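If you want the building blocks of each chain, they are given just below.
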Amino acid sequence: MKQEILKGFIVIEGLDGSGTTTQLDNITSFLRNRNISHIRTFEPTDRETGLLIRKVLAGQIPLKQETIAYLFAADRNEHIFGEKNGIIELLKTNRYVISDRYHFSSIAYQSINSDPLLVEELNSRFPLPEFLIFVDVPVEECQRRINMRNGAVEIYDNIDYQRIVLENYNKAIGLFAESQMKVIRVNGTKSAEEVTGEIISAVFSD
Ligand code: TYD
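Summarised in this report is the structure supplied together with it. What you see is a predicted model, and the numbers here were worked out from it, not measured in a lab.

Right, let's get into the overall build of the protein chain. A tally of regular secondary structure across the protein chain gives nine helices and five strands. In sequence order, the secondary structure elements of the protein chain are arranged as β-α-β-α-α-α-β-α-α-β-α-α-β-α. Against the 2.2 N^0.38 benchmark of 17 Å for 206 residues, the protein chain shows a C-alpha radius of gyration of 16 Å, consistent with a compact globule. For the protein chain, the spread of C-alpha atoms along the three principal axes comes to 45 × 40 × 30 Å. Buried positions account for 49% of the 206 residues belonging to the protein chain. Long-range pairs, those at least 24 residues apart, make up 79% of the contacts in the protein chain between residues at least 6 apart in sequence.

This is the structure:
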């Protein structure tokens, strides 16, 4: 896959329970403390398209798996190209735009129950981030953390499913091995502070 790279765009990915949200909290406070302009964002978004996806994930709306893959791509299209606060627009005024999940999530999750080629095709036109941070945590540890959280169960919170998601993440990252995107893989079983430190020195060291 050959896709344009967006300078200043950073994506963080990982299994459910891998701690991406905590890492984003830490990274954004680091940037805030240094007055480095940035915007934090996420997928599924909080736009209408993303809200619809959240209802599907909560099991409130039954849809064909392929339809879900299309919805994620539609939400992403607005997220990246949207005229109002789309990522490309935001990069014009901010040094960094950091997203909790991007199309690597679709390749990892939607390829399980939909044709992987369809998922790849739906996502083949989105530009790549300058940095992809992958927070690597074993499936069992993610599951333990999710169980401790006691939150609402989403349709993808299942250990066997998560095992395949992890395998697919590795394949997804492999798809872009020839690109200029920089992949930072961190061991997410270390303390949150250590993980943040590794990310910061890999991404913001200049
Ligand atoms: P997220 O909001 O990161 O999880 P949480 O609500 O637990 O913080 O993502 C919600 C779920 O959506 C997560 O299980 C991953 C899934 N997802 C996909 O299946 N495909 C995608 O393209 C994206 C962006 C997320």
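From this point, the narrative continues.
Moving on to the nonpolar core. In this structure, F9, F104, I133 and F204 are the most contacted members of the largest nonpolar core, which totals 51 residues. Filtering out sequence-adjacent residues up to four positions away, F104 remains in contact with V11, E13, L128, P129, L132, Y169, A172, F176 and M181. Counting six residues, the second largest nonpolar core, distinct from the first, contains V56, L57, L71 and F72.

Per the counting criterion, the structure on display carries nine aromatic pairs. Look at F9 and Y102: their rings are 5.1 Å apart centre to centre, the planes differ by 85 degrees, and that puts the pair in the edge-to-face class. A residue pair is termed long-range when its members are at least 10 positions apart, and F9 in strand β1 (residues 5–14) and Y102 in the loop between β3 (96–100) and α5 (103–113) qualify at 93 residues. No difference in accessibility class separates F9 from Y102, as the two residues are buried. The interplanar angle of 85 degrees and the centroid separation of 6.3 Å between the aromatic rings of Y109 and Y169 together place this pair among those described as edge-to-face. Here Y169 lies in helix α8 (residues 159–175) and Y109 lies in helix α5, a separation of 60 residues in the sequence.

Neighbouring the ligand are 14 residues; D16, R76, R101, S106 and Q110 lie closest to it. Within the contact set of the ligand, an oxygen atom lies 2.8 Å away from a side-chain nitrogen or oxygen of D16. Summarising the interface, the protein chains cover 86% of the accessible area of the ligand, which totals 550 Å² for the free molecule. Put simply, the parts of the chain that give the shell around the ligand at least two residues each are α2 (48–57), α3 (65–81) and α5. The element that contributes the greatest number of residues to the shell around the ligand is α5, accounting for four residues. Considered class by class, the residues forming the shell around the ligand number five nonpolar, three polar and six charged.

Working definition: the strands of a sheet are paired by backbone hydrogen bonds and lie parallel or antiparallel to each other. Strand order in the open sheet made by the five strands is β2-β3-β1-β4-β5, with parallel pairing throughout. Single-partner strands in this sheet number two, and they are β2 (38–42) and β5 (182–187). Across the sheet, the mean angle separating the axes of adjacent strands is 20 degrees when strand polarity is ignored. Of the strand pairs in this sheet, β2 and β3 are connected by five bridges, and their pairing is parallel. Of the residues in β3, the one forming a bridge with T41 is S99. Contacts from α5 reach β1 and β4 (128–136) within the one sheet, and its direction differs from that of β1 by about 35 degrees.

Here we come to the pairing of β1. Most of β1 is tucked away, with eight of its ten residues classed as buried. Sheet topology note: the β1/β4 ladder contains seven bridges and is parallel. Bridge pairing in β4 places I5 opposite L128. Bridge analysis of β1 against β3 gives four bridges, and the strand direction is parallel. Its bridge partner being in β3, V11 is matched across the sheet by S99.

Definitions and limits used
Residues numbered from 1 in each chain as written. Predicted model: local features only at pLDDT ≥ 70, side-chain atom pairs only at ≥ 80, totals over all residues. Heavy atoms only, no water. Helix = DSSP H or I, 4+ residues; strand = E, 2+ residues; numbered from the N terminus. Rg over C-alpha atoms; globule rule 2.2 N^0.38 Å. Buried < 20%, exposed > 50% of the residue type's maximum accessible area, 1.4 Å probe, protein only. Contact = heavy atoms within 4.5 Å. Core = buried A, V, L, I, M, F, W, Y, C linked by side-chain atoms within 4.5 Å. Phe/Tyr/Trp six-rings, centres within 6.5 Å; stacked < 30°, edge-to-face > 60°. Near = heavy atom within 4 Å. Polar contact = N/O pair within 3.5 Å; in protein donor to acceptor, adjacent residues only side chain to side chain. Areas by Shrake-Rupley, 256 points an atom, 1.4 Å probe, with all protein chains shown as cover. Nonpolar A, V, L, I, M, F, W, Y, C, P; charged D, E, K, R; others polar. Pairing = 2+ DSSP bridges. Axes fitted to C-alpha atoms, helices over the stretch in contact; angles between N-to-C directions.

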